[in-house]
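# Topology and contacts: notes
Each chain is listed here by its residues.
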Amino acid sequence: MRQPSPFTDVVNRYVRRSYYSAGQLAMRTGLPKETIVNWLEGKVRKPQQWHGLIKLAAALYLNEAETDELLASARHPSIAALLARADNDTDRALLAPWNSAEHQLQAALRLLAHMPLDRVPEPAALPPGSRMPLHRNPLFVGRNDDLRTLAEWFNQREVVAISGMGGIGKTQLANAFVHRYGQFFAGGVFWLSFADPADVPNEVAACGGVGFMDLRPDFADLKLEQQVQAVRAAWQSQLPRLLIFNNCEDEELFAAWRPTTGGCRVLVTSRRTAWDRALDVQVLPLHVLQRADSIQLLSRCHPDHILDDPALDAIAAELGDLPLALHLAGTYLDRYRHALTPAEYLAELRNAKLINHRSLHDGGISPTRHEQHVGRTFAMSFERLNPASTTDQHATTLLACAAVFAHGESIPRDLLLATMNDLEPQPTATEREDALARLLELGLLETNSQNTFRMHRLLAAFVEQRLVVTAIQHAVEQAVTRTANQHNEQGDVPAIIPMLRHMRHLADQALPRGDVSAAALCVALGYSLWLLGRYDQAQMYLEHALDIYQQQSEPRPLDVAGCYNLLGLSHQLQSHMREAQQFFESALAIWEPELGPNHETTSTEYNNLGYLLLLLGDYPLAQDYLRRGLRVRQHLYGLRDHGTARCIHNMGFLLFRRGRYRSSERYVRLALHIREQLFGANHSTIAMSLTLLGATSLLLADYHCAEQYHQRALTIRETIYGDSHHDTAESLYNLGQVRRTTGDFEQARRYLDAALAINLSTLGEQNRETLFVWCEIGRLLRDERRYGEAEPYFERSLAGLRGKPAFHTPDTATMLDDFGTLRLRQAQYAEACVLFQQALDIRQSLLDADHPDLAYSYYHLGMLHAKQGNCAIAQQFFAQALPISRRRFGAHHPLTRAMRSARTIIALA
């Protein structure tokens, strides 16, 4: 095969850089498209005429040196030689722009404007005169989004800084940017080390000498100051150049050396994450690698390992995806590939003190000529903290606090700063901000747009070795416990979620101590987990706390009662109703004599116990407890209180369960109004009130309002909890009910299937909420007349409740009644009669004589007898049902109309 000619290589290289097609170049040059294609395909090894090459060079924005290279590859003279021998006006006109400095500048500006922003170009040679001491790193992976971002920002700004902790890959990214995008800076690329401020003048002066900018023949004979002045003067021109200030940590140093005018772009690498606004620096925070890129880097360092080796993923996780650590680990694996597998290396990392493993101390040759030692890389930042500086003293303390949190997890700003509340001397608010800014300046903390901070797990391990963090542990635990309790009391789930990993980490570390501080932290964590619907996990931590409190030498009855209360809530939501009742009653047995019946805490337990009894169908006793709780809470705090609103809501729920829907609405609307004033429009308790209003509207046949209420509740819950929480499932279930009732069976099934999937994964098969969804799917299939398919759903729902203490409740009666309607439609009258009678027995034993559910029981029994021809008995049941339905629902409710119609038909028969 014939080898491409030098001309073909050069033409293809510059055309690829431009991203122009042959057709586009033909339009820009006036040359035939076929000619350009022949040049690109190597069919022409040396064009005989130089005129077309000059037109192509202009279209490709080549500078004089690049044009000379193109001409030389075709064995034509240089621009200067062609100008000297031009003997006609046509040639002189074609070459005239190349004899102009302005043309050179415009070509350079057009080349920079042509820098691709939507793709990362292939590596290419740098413009003549560039100073780049680092070769392209063949192990570099990922970061394409960051590279494109840098290109986009340089299209609009003069200065961009890549910031981040030591070892994160700042210099690597700058190096990759130079070798891929440097080709578009016609004035050259100049890499300067700012690691030693005293050496910066030498770095600048070196750019003007022979082999680089070559500013003047006697440049080497000039004094250093004159050399620096000459280089800086050249940088003030409009010619686009790219300057890299590598490891520039000082704002004043940067301000002193940046060009004050001209066409230079400056790329800074720094551990500093915040720059003075007056400097107009656009900061690109650099984060750890994506996991796939981490695995690829390990594989590139050690090519014998395949990408899908699960140990590589685990190694990347252990090293926190830090590029320096991954490079060192890969090098270590490569060095010992005949003696050590990735799985064995992983075991070594986990068994050793991670930061001390020798693989992280020496990795051979560095592509960036940086320290190949993770610990010493961190020490470069840490050792800049001055023990004599008050700000640095506070920063050191704050750094120790951050190291106590879960390594590598985001820490909310307020929580991190709150850890200093229990330390002496306690810094002021401004001193805390200064300390935080100092850590960010040194790259010892990362930040992001969510106003949170993060310490890399390897850096945290380093800090734990350099500082005594055990003395800080108690202050951090106190701050976390206190903050979590505040959020728990307010039901502020979005604020709890970012704390959860830290709470679990601290609790797991504190539990072996077995002291009351550990117990308090477990209680706060248990409460948070309960709010998030993780009831089994909540129960585990609450039981740990209870064990600790009960084992103390001095009794702590109030703390024990607090555990009883939260365990009751946890068991209640797991459908362990009798266990929940025992815990609530045990808590009340402590609080009532210890605190008195008119205490806030006692009122809370009245409310909790009343709500549970309500679910169990013991309405008179439930009402007694709920009234007591509401009376105390309202007396203590008035109406504008979240606890009062909860009591009012629960009274509304009691009235709802007793069939007094209009009265229930008034209570729930009042609770909703209070909650909206206290929390705004998107709080979890708002969704609770909306859910109850939606259920009321559905029973009153106001289907449009019901859907609106439930849709708004779903939106709130998805925003707060996401799409996998059981509260979200409840709203989906409610919307499914509305759509089934209105005949939109297809959409109803989608809602119900989604709700069922969530409940099965979060609550399990035997939870009452899951059983309700099974039953609702049965109702849907029954209404679609798919009787055989509906049957197992009803049977599964009832089987889940049978034998449980919670079986004898109004909810069970509703399931029995609905299953009975299926048997009625299947003409299985004997079975339908048994189911209807069981439902009626439960309702008559638990409900008031005029409860609407009794109207449904009487109506269904009436229809059963009517189907069997027992018209007189049917009329008796209708006669019992109709007055209840009229009184509770009104004359135009579907149930009332259905009974009037049935009575008329029987009478006519």
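Scope of this entry: the structure provided in the associated data block. (Residues numbered from 1 in each chain as written. Predicted model: local features only at pLDDT ≥ 70, side-chain atom pairs only at ≥ 80, totals over all residues. Heavy atoms only, no water.)

## Details of helix α2 (residues 22-29)
Applied cut-off: Buried, partly exposed and exposed residues are distinguished by accessible area as a fraction of the type maximum, computed with a 1.4 Å probe on protein chains only: under 20%, between the cut-offs, and over 50%, respectively. Counting from the N terminus, the helices are the DSSP runs of H or I reaching at least four residues and the strands are the DSSP runs of E reaching at least two. It is the directions from the helix axis to the C-beta atoms that the arc portrays. The contact criterion used is simple: two residues touch if any of their non-hydrogen atoms lie within 4.5 Å.
For α2, the complete set of buried residues consists of Ala-22, Leu-25, Ala-26 and Thr-29. Axial view of α2: buried residues confined to an arc of 105°, hence all on one face. Looking at the packing, one finds that the buried side of α2 touches α1 (6-18), α3 (33-40) and α4 (51-59). Trailing α2 by a residue or two, Gly-30 shows a phi angle of about 85°, which is positive.

## Looking at the packing of aromatic side chains
Heads up, the rule is: Any two rings among Phe, Tyr and Trp, with Trp reduced to its six-membered ring, count as a pair given centres within 6.5 Å; such a pair is stacked if its planes are under 30 degrees apart, edge-to-face if over 60, and tilted if neither. By the criterion adopted, a ring carries a charge over it if an Arg CZ or a Lys NZ lies within 6 Å of its centre and within 35 degrees of its normal.
Evaluation of the coordinates by the stated rule reveals 21 aromatic pairs. Their ring planes at 85° and their centres at 5.8 Å tell us that Phe-7 and Trp-39 sit as a pair that is edge-to-face. Here Phe-7, found in helix α1, pairs with Trp-39, found in helix α3; they are 32 residues apart in sequence, far enough to count as distant. Residues Phe-7 and Trp-39 agree in their burial class; the two are buried. Among the aromatic residues, those joined into a ring-pair cluster are Tyr-611, Phe-653, Phe-656, Tyr-661, Tyr-856 and Phe-889. Across the ring face of Trp-275, the terminal group of Arg-272 is positioned such that the distance to the ring centre comes to 5.6 Å.

## Observations concerning the environment of Glu-765
This is how the line gets drawn: Here a polar contact is recorded for every N or O atom pair within 3.5 Å, except that within protein the pair must consist of a potential hydrogen donor and a potential acceptor, and residues adjacent in sequence are included only if both atoms are side-chain atoms.
Tracing the chain through its elements places Glu-765 in the loop between α37 (745-762) and α38 (768-783). Judged by relative accessible area, Glu-765 falls into the partly exposed class, the value being 44%. Separated by 31 residues in the primary sequence, Glu-765 and Arg-796 place their C-alpha atoms 9.8 Å from one another. Setting aside anything within four residues of it in sequence, one finds Glu-765 in contact with Leu-760, Thr-770, Leu-771, Trp-774 and Arg-796. At a separation of 3.4 Å, a polar atom in the side chain of Glu-765 contacts the side chain of Arg-796.

## Digging into the side chain of Asp-293
Test applied: His is not counted here, nor are the chain ends, while Lys and Arg score as positive and Asp and Glu score as negative. Here, a salt bridge means any side-chain nitrogen of Lys or Arg that lies within 4 Å of a carboxyl oxygen of Asp or Glu.
You can see Asp-293 is positioned in helix α14 (residues 291-301). Comment: no salt bridge for buried Asp-293; closest opposite-charge side chain is Arg-143, at 7.1 Å. Not counting the four nearest positions on each side in its chain, Asp-293 is found in contact with Val-141, Gly-142 and Arg-143.

## Concerning the pattern of salt bridges
What the rule picks out here adds up to 57 salt bridges. Residue Arg-119 is joined to Asp-118 by a salt bridge in which the shortest nitrogen-to-oxygen separation is 3.4 Å. Under the relative-accessibility criterion, Asp-118 is labelled exposed at 54%. One salt bridge connects Arg-796 with Glu-765, and the closest N-O pair in it is separated by 3.4 Å. With Arg-796 in helix α39 (residues 787-801) and Glu-765 in the loop between α37 and α38, this residue pair connects regions lying 31 residues apart in the sequence. Within this structure, Arg-740, Glu-776, Arg-779, Arg-782, Asp-783, Asp-818 and Arg-825 form a network of salt bridges that share partners.

## Things to note about the sheet that holds strand β5 (residues 282-285)
Heads up, the condition is: The pairing criterion is simple: DSSP has to find at least two bridges between the two strands. Lines fitted to C-alpha atoms define the axes here, with helix axes fitted over just the stretch in contact, and angles between the N-to-C directions of these axes take values from 0 to 180 degrees.
If you trace the five strands from one edge of the open sheet to the other, you get β2-β3-β4-β1-β5, paired in parallel fashion. Across the chains shown, the open sheet's two edge strands, defined by having one partner strand only, are β2 (189-193) and β5. Between one strand axis and the next, the sheet turns by 20° as a mean value, whatever way the strands run. As defined by bridge partners, strand β3 (residues 241-246) adjoins strand β4 (residues 264-270) across five bridges and the pair is classed as parallel. Bridge pairing in β4 places Arg-241 opposite Cys-264.

## Focus: the sheet that holds strand β6 (residues 411-412)
Read across the open sheet, the three strands follow the order β6-β8-β7; overall the sheet is antiparallel. For this open sheet the edge positions go to β6 and β7 (446-447), each flanked by a neighbour on one side alone.

## Considering the environment of Leu-134
Positionally, Leu-134 belongs in the loop between α8 (101-113) and α9 (144-154). Taking the C-alpha atoms as reference points, Leu-134 and Trp-191, separated by 57 residues in sequence, lie 8.7 Å from one another.

## Considering the packing of α2 against α4
A packed helix pair is summarised by two numbers, namely the angle formed by the two axes and the spacing between the axes. To keep things clear, this is the line we draw: An angle below 35 degrees is read as roughly parallel, one above 145 as roughly antiparallel, one from 65 to 115 as roughly perpendicular, and any other as oblique. Ten residues, namely Ala, Val, Leu, Ile, Met, Phe, Trp, Tyr, Cys and Pro, are considered nonpolar, four, namely Asp, Glu, Lys and Arg, are considered charged, and the remaining ones, Gly among them, are considered polar.
Packing of α2 against α4 brings their axes to within 9 Å, and their N-to-C directions diverge by 110°. In terms of their interaxial angle, α2 and α4 are classed as roughly perpendicular. Together, Leu-25, Arg-28 and Thr-29 of α2 and Lys-55, Leu-56 and Ala-59 of α4 make up the contact between the two elements. In terms of residue class, the contact of α2 with α4 is built from three nonpolar, one polar and two charged.

Purely geometric numbers; function is a separate question.
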